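# Structural overview for review
In case you want the letters, here they are:
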Amino acid sequence: MEKFTLLKSSMVPLTVENVDTDQIIPARFLKATDRKGFGENLFRDWRFTTDGQTKEDFTLNQTKYSGAILVAGNNFGCGSSREHAAWALADYGFKVVISSFFADIFKGNALNNGILPIQVTPENLQSIFSAVNLDAAVKATVDLENQKLIIDAADITVSFEINDYKKMCLINGYDDIDYLISQREAIEAFEQKRA
Amino acid sequence: MKKTLFDKVWDTHVISSVKHGPDILYIDKHLIHEVTSPQAFNMLKDKGISIFRPQQVVATADHNVPTENQHLPIQDALSRKQVNQLSKNCEEYGVELFGLGHPFQGIVHVIGPELGVTQPGMTMVCGDSHSSTHGAFGAIAFGIGTSQVAQVFASQCILVDKPKSMRIVVSGKLHPAVEPKDVVLYVIAKLGTDAGTGYFVEFSGNIFEEMSMEGRMTVCNMSIEMGARGGMIAPDQTTFDYVSGREFAPKGKALKAKITHWKTLPTDEGASFDAEYNFDAADIGPMITYGTNPGMGIKIVDKIPSSNDVSFVKSLEYMGLEADTYLLDMPISHVFIGSCTNSRIEDFRAAAAHIKGKQKSPDVSALIVPGSQQVAKQIVAEGLDKIFESAGFKLRQPGCSACLAMNDDKIPAGAYCVSTSNRNFEGRQGQGARTLLASPVTAAAAAVAGKIVDVSQT
Ligand code: SF4
């Protein structure tokens, strides 16, 4: 996994609430057996019409918006557990998602793929949307070490939550799997005790 | 200390906790399918390691499989590749596979319980959010992402923060036309799709105690649709009777010993929950959804509500519906009875009881898709196939089918489908398809009438 420390970027606003993972990556694109190339189909049916035309008004298609931070409405990532959603976001280039609420499984999947989900209050979320609406070039600074999100234009300097373990993983680019493999002895001892 | 059912199962599976971090939770059973496992097998390959406990993994092919001509090679090249990859991986890593053609094949959340793989007090995971289904047995079961599938392969454990606990009590007396699906759609409509986020839910009260295992599975299946990681129901005699005698269930003395243990699992009197909700069963009627998330549900006799909220307006626009209007009597063109929510024998018995002696409307295309080969066999053994076929319903072979439309069973753009599945998201049943979630009886009645009807009045 790539290391994550500090990010300064403009933002892409997606004001829709309850964005489910079927929208992030529709089921028909889940037939791959590797994890490459999902970014192409990120938000596929919101980005393109059935005959492949670009939907100009969708946020990802508006040239004024760019950057590695997606700002989304409440309850982002609900529904299916498909990690393909996180792969698609990462492959497209997003490193941070800001919302007022994240679904559990999505949050875990994001963190396992080096994407930082930042939860802010509904009021702060609205201020960010307004700021980006006024000026699409507004930048946010994400400082993981100090757990700070700073957006001067929206008058926002907030601390965000992340547990120490996950923070350590992101900063160092560690995967859970290596940690668990290192625990095999303890796991075997647990199995013995139960048997 | 007084403990909840959830605490009892969780605490006995924690190996240790990472400082200021998650628990290392031991997993008893790991279910896998073709869509969310290939990249996890690749991670094993990259690391050059084997599966730590292959005997605790059970695999099936369900999401991609066609529901016709399952004896022939799969036509769609990508689906075929994915299903074949699963067979190859299972062979290489020593995992038992109930693939196409196997008498135990079926939707992962249908076969686990029916084979006795699912048992009270277990921890279970699957790379699929509806793993919550298995909680109906008093197991802790939840969906995980593919990275976590790889972690369980590598260590039979996952790293996870202990969720908070919620109790949802439904008690009183249900109207006879109200089914388990209506109960859970009602609860989600009341609480919303994010109320359960961060929680594990225990469903309790006489309504769940009186439910069959099939009904309990329908309820727990949809706990994820209110955001909860999983749902649970305390194991009781109904549970023990269901598990006893199944293929992989303990037998004889071992079963007795297990039952003695399982009886200790229910929540202690006076144990506390982080959140609690109570509902009166009498308030529940046959339900249907009108929007694009499962929380957008109403009693079938009620009007669609109105709201200026952007997401709400967008949702109704997609559905081609108007606020403040009735769904009752609205024509529909498709009906799907199937999915891990409602594809067990009891669901088809209920649908058949309604359909018997009637004909489906000529304007409706109606699909019946059993959850497993065993359910398919049972349908024939009970003669339900004759009822479905003579009424004009298409009876297909087992799989996820139109629940997520990864195979050919797609609902056309713009068409309304009354579906017994669990998700009415945009495009879930095919690009542009419009899904109305309901119970098997409501779906069967819609197929016969060609429109939305209130089964409590028929
Ligand atoms: S039936 Fe639908 S919800 Fe259930 S496992 Fe299959 S795709 Fe998922």
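One structure accompanies this document, and this report is about it.

Parameters at a glance
Residues numbered from 1 in each chain as written. Chains lettered and ligands numbered in written order. Predicted model: local features only at pLDDT ≥ 70, side-chain atom pairs only at ≥ 80, totals over all residues. Heavy atoms only, no water. Helix = DSSP H or I, 4+ residues; strand = E, 2+ residues; numbered from the N terminus. Buried < 20%, exposed > 50% of the residue type's maximum accessible area, 1.4 Å probe, protein only. Polar contact = N/O pair within 3.5 Å; in protein donor to acceptor, adjacent residues only side chain to side chain. Contact = heavy atoms within 4.5 Å. Near = heavy atom within 4 Å. 1 Å grid on protein atoms, 1.4 Å probe; cavity = no way out; pocket = protein on both sides within 12 Å on 5 of 7 lines; lining within 4 Å. Sits in = over half its atoms within 2 Å of the grid points. Nonpolar A, V, L, I, M, F, W, Y, C, P; charged D, E, K, R; others polar. Pairing = 2+ DSSP bridges. Axes fitted to C-alpha atoms, helices over the stretch in contact; angles between N-to-C directions. Parallel < 35°, antiparallel > 145°, perpendicular 65-115°, else oblique. Left-handed = near helix turned anticlockwise from the far one by under 90°. Salt bridge = Lys/Arg side-chain N within 4 Å of Asp/Glu carboxyl O. Points joined across faces, edges and corners; volume = space filled by probe spheres on them.

### Concerning the side chain of B:Thr292
All names here are of chain B. In this structure, Thr 292 sits in the loop between strand E13 (287-289) and strand E14 (297-299). Look at Thr 292 and you get buried, because its relative accessible area is 12%. Reaching out from Thr 292, the side chain makes a polar contact with the side chain of Ser 315 at a distance of 2.8 Å. Excluding residues that lie within four positions of it along the chain, Thr 292 makes contacts with Ser 315, Tyr 318, Met 319, Asn 424, Phe 425 and Glu 426.

### Quick word on the site of the ligand
Residue and element names in this part refer to chain B. Surrounding the ligand, one finds His 63, Ile 107, His 109, Asp 128, His 130, Ser 339, Cys 340, Cys 400, Cys 403, Leu 404, Asn 422 and Arg 428. Most atoms of the ligand, that is more than half of them, are within 2 Å of grid points of the largest cavity. Here the shell around the ligand is composed, by residue class, of 5 nonpolar, 5 polar and 2 charged.

### Re the sheet that holds strand E9 (residues 164-171) of chain B
Residue and element names in this part refer to chain B. Pairing within the open sheet is parallel, and its 4 strands lie in the order E11-E10-E9-E12. The sheet is open, and its two edges are formed by strand E11 (230-232) and strand E12 (275-280), each paired on a single side. On average, adjacent strands in this sheet sit at an angle of 20° to one another, irrespective of strand direction. Across 3 bridges, strand E10 (residues 199-204) lies against E11 in parallel orientation. In the strand pairing of E11, Val 201 is matched with Gly 231.

### As for the packing of helix H2 (residues 38-47) of chain B against helix H3 (residues 77-93) of chain B
Residues and elements named next belong to chain B. Put simply, H2 and H3 touch, their axes get as near as 10 Å, and they point 40° apart. It follows from the interaxial angle that H2 and H3 lie oblique. Crossing of H2 against H3: the hand is left-handed. Along the contact surface, H2 presents Pro 38, Phe 41, Leu 44 and Lys 45, while H3 presents Gln 82, Gln 85, Asn 89, Glu 92 and Tyr 93. Of the residues in the contact of H2 with H3, the class split is 4 nonpolar, 3 polar and 2 charged.

### Some points on the packing of helix H6 (residues 180-191) of chain B against helix H8 (residues 213-221) of chain B
All names here are of chain B. Across the interface, H6 lies against H8 with an axial gap of 8 Å and an inter-helix angle of 25°. In terms of orientation, H6 lies roughly parallel with respect to H8. The two elements H6 and H8 cross, and the hand of that crossing is right-handed. Of the residues in H8, those in contact with Pro 180, Lys 181 and Val 184 of H6 are Gly 215, Thr 218 and Val 219. The residue makeup of the contact of H6 with H8, split by class, is 3 nonpolar, 2 polar and 1 charged.

### Some points on the pattern of salt bridges
Following the criterion strictly, the structure yields 22 salt bridges over all chains and no others. Across the pair A:Glu188 and B:Arg53 runs a salt bridge, and its minimum N-O distance is 3.8 Å. Taken as a pair, A:Glu188 in helix H8 (residues 184-194) and B:Arg53 in the loop between H2 and strand E4 (57-60) lie in two separate chains rather than in one. Given the relative accessible area of 37%, A:Glu188 is considered partly exposed. When its relative accessible area of 18% is taken as the criterion, B:Arg53 is described as buried. For B:Glu382, the salt bridge is made with B:Arg349, and the minimal N-O distance between the two is 2.7 Å.

### Things to note about the layout of surface pockets
Taken as a whole, the largest pocket encloses approximately 900 Å³ of empty space. The wall of the largest pocket is formed by 31 residues, among which A:Asp104, A:Lys107, A:Leu111, A:Asn163 and B:Asp161 lie closest to the centre. Elements with a contribution of two residues or more to the lining of the largest pocket: helix H4 (104-111), strand E4 (116-119) and helix H6 (164-172) of chain A together with strand E8 (157-160) of chain B. Considering every element that reaches the lining of the largest pocket, the biggest residue donor is H4(A), with 5 residues. Across the lining of the largest pocket, the residue classes break down as 14 nonpolar, 8 polar and 9 charged.

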